[in-house]
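So you can see what is in the structure, the chains are spelled out below.
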Amino acid sequence: PSLAPAGRHVLSAIVQYAPSRLTGGWAPAKPAFLKTVLATIEAYAPGLSRHVVASELLTPADLEDRYAASVRRMVIDLNLTEHVVFAGALDNVNAVYRICDIFVFASHMEGFGNVLLEAMAHALPTVSRRLAGVTDAFITHGETGLLFDDKKGYVSAVKSLIDDPDTRNGLGIT
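All values derive from a computational prediction rather than experimental measurement.

**Student:** Account for the overall build of the protein chain, naming residues and giving values.
**Tutor:** The helix and strand tally for the protein chain stands at 7 helices and 3 strands. Along the protein chain, helices and strands appear, N-terminal first, in the series α-α-α-β-α-β-α-β-α-α. Expected size for 174 residues packed as a compact globule is a radius of gyration near 16 Å; at 21 Å, the protein chain overshoots this value by more than 25%. For the C-alpha atoms alone, the extent of the protein chain along its principal axes is close to 65 × 35 × 30 Å. The buried share of the protein chain, taken over its 174 residues, is 20%. Restricting to contacts in the protein chain with at least 6 residues of sequence separation, those with at least 24 account for 38%.

**Student:** Could you give me a rundown of the side chain of S107, with the residues and numbers involved?
**Tutor:** Residue placement: S107 occurs in the loop between β1 (103-105) and α4 (114-121). Contacts of S107, omitting those with residues within four sequence positions, involve R129 and L131.

**Student:** Please give an account of the sheet that holds β1 that cites residues and values.
**Tutor:** Spatial strand order, β1-β2-β3: 3 strands in an open sheet with parallel pairing. At either end of the open sheet lies a strand with only one pairing partner, and these are β1 and β3 (146-148). When the angles between neighbouring strand axes are averaged without regard to direction, this sheet yields 15°. Sheet topology note: the β1/strand β2 (residues 126-129) ladder contains 3 bridges and is parallel.

**Student:** Provide a residue-level description of the packing of aromatic side chains, including the pertinent values.
**Tutor:** Per the stated rule, a full pass over the model turns up 3 aromatic pairs. Both rings, one in W26 and one in F33, keep their centres 5.1 Å apart while their planes meet at 85°; by these two values the pair is edge-to-face. Residue classification places W26 among the buried residues on the basis of a relative accessible area of 8%. According to the relative accessible area criterion, F33 is partly exposed, its value standing at 22%. Where Y97 meets F103, the ring centres are 6.2 Å apart and the plane angle is 55°; that geometry is what we call tilted. Of the two residues, Y97 and F103, neither departs from the other in class, the shared state being buried. In this structure, R72 packs its charged tip against the face of F86, placed 4.3 Å from the ring centre.

**Student:** Kindly report on the nonpolar core, identifying the contributing residues and their values.
**Tutor:** Grouped together as the largest cluster of nonpolar side chains are 10 residues: Y97, F103, F105, L116, A119, L124, L131, V134, I139 and L147. Breaking this core down by element, the ones donating at least two residues are β1 and α4. Not counting residues within four places of it along the chain, the set of residues in contact with F103 comprises Y97, V115, L116, A119, L124, P125, T126 and V127. In this structure, V127, A157, L161 and L171 belong to the second largest nonpolar core, which totals 7 residues.

**Student:** Can you tell me about a nonpolar patch on the surface, naming the residues and giving the values?
**Tutor:** Taken together, the side chains of M74, L78, L80, V84 and F86 define a hydrophobic patch exposed on the protein surface, amounting to about 410 Å² of accessible area. Mapped onto the secondary structure, L80 falls in the loop between α2 (60-77) and α3 (94-99). Residue L80 is classed as partly exposed on the basis of its relative accessible area of 31%.

**Student:** Give a description of the environment of S156 that names residues and reports values.
**Tutor:** With respect to the secondary-structure elements, S156 resides in helix α6 (residues 151-163). With relative accessibility at 46%, the residue S156 sits in the partly exposed group.

Parameters at a glance
Per chain, the residues get numbers from 1 upward, laid out in the order the sequence is written. Residues qualify for local features only when their pLDDT is at least 70, as the model is predicted, and side-chain atom pairs are given and counted only at 80 or more; totals for whole chains, interfaces and linings, by contrast, use all residues. The basis for the side-chain values is all heavy atoms of the structure; hydrogens and waters are excluded. Labels follow the DSSP assignment, with helices taken as runs of H or I lasting at least four residues and strands as runs of E lasting at least two, numbered in each case from the N terminus. Two things to know: the radius of gyration comes from C-alpha atoms, and the globule rule equals 2.2 Å times the number of residues to the power 0.38. Working definition: with a 1.4 Å probe on protein chains only, accessible area under 20% of the residue-type maximum means buried, over 50% means exposed, and in between means partly exposed. Only heavy atoms enter the contact rule, under which two residues are in contact if any of them lie within 4.5 Å. Two strands form a pair only when DSSP identifies at least two bridges running between them. Helix axes are fitted to C-alpha atoms over the stretch in contact, other axes to C-alpha atoms as well, and angles between N-to-C directions run from 0 to 180 degrees. Between rings of Phe, Tyr and Trp, where Trp is taken as its six-membered ring, a pair exists when centres lie within 6.5 Å; planes separated by under 30 degrees are stacked, by over 60 edge-to-face, and by other angles tilted. Lysine NZ or arginine CZ positioned within 6 Å of the ring centre and within 35 degrees of the ring normal marks a charge as sitting over the ring. Throughout, nonpolar core names a set of buried Ala, Val, Leu, Ile, Met, Phe, Trp, Tyr and Cys residues whose side chains join them through atoms within 4.5 Å. A patch is a set of surface residues, each over 30% in relative accessible area and not in a salt bridge, joined within 9 Å for like charges and within 5 Å for the nonpolar side chains Val, Leu, Ile, Met, Phe, Trp and Tyr. Note that accessible areas follow from Shrake-Rupley with a 1.4 Å probe, and for residues the cover is restricted to the protein chains shown. The salt bridge definition used is simple: a Lys or Arg side-chain nitrogen within 4 Å of an Asp or Glu carboxyl oxygen.

Set out below in structure tokens:
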């Protein structure tokens, strides 16, 4: 299936180093930023812009808002509202790490998960998706954390830490 109408194509351009937040917000800056992105594409692929019939700029905040909305819907659908807290942006995450029992990092794609290192620095037992060349470079499965590759492995790793306090309390602590 395609998002594009018959005979058309969708081009997704991921713009690196776009700021997450802008002074004055993204709303007033979107048109100029989109124009810059399209001009840059045209500079590297002359003639491509005449084929653009529609464009949409999704900022980091847009993506976060959409993802957050989908996660909130899932929590409601699964009747987990009594068990899940959406804290929002925090100035001091150290307090949150201190009250956690387990840290799970389930990202499918991550350049480098600083949040995972922060959790490990707080001596939290960690469960992480195995990301070749990333998480497997600093997590030794069974010693400094647990790695998983699929849904079954994810559930198994988290359940093992919930069910086994000795493993949970000793994992990753040097």
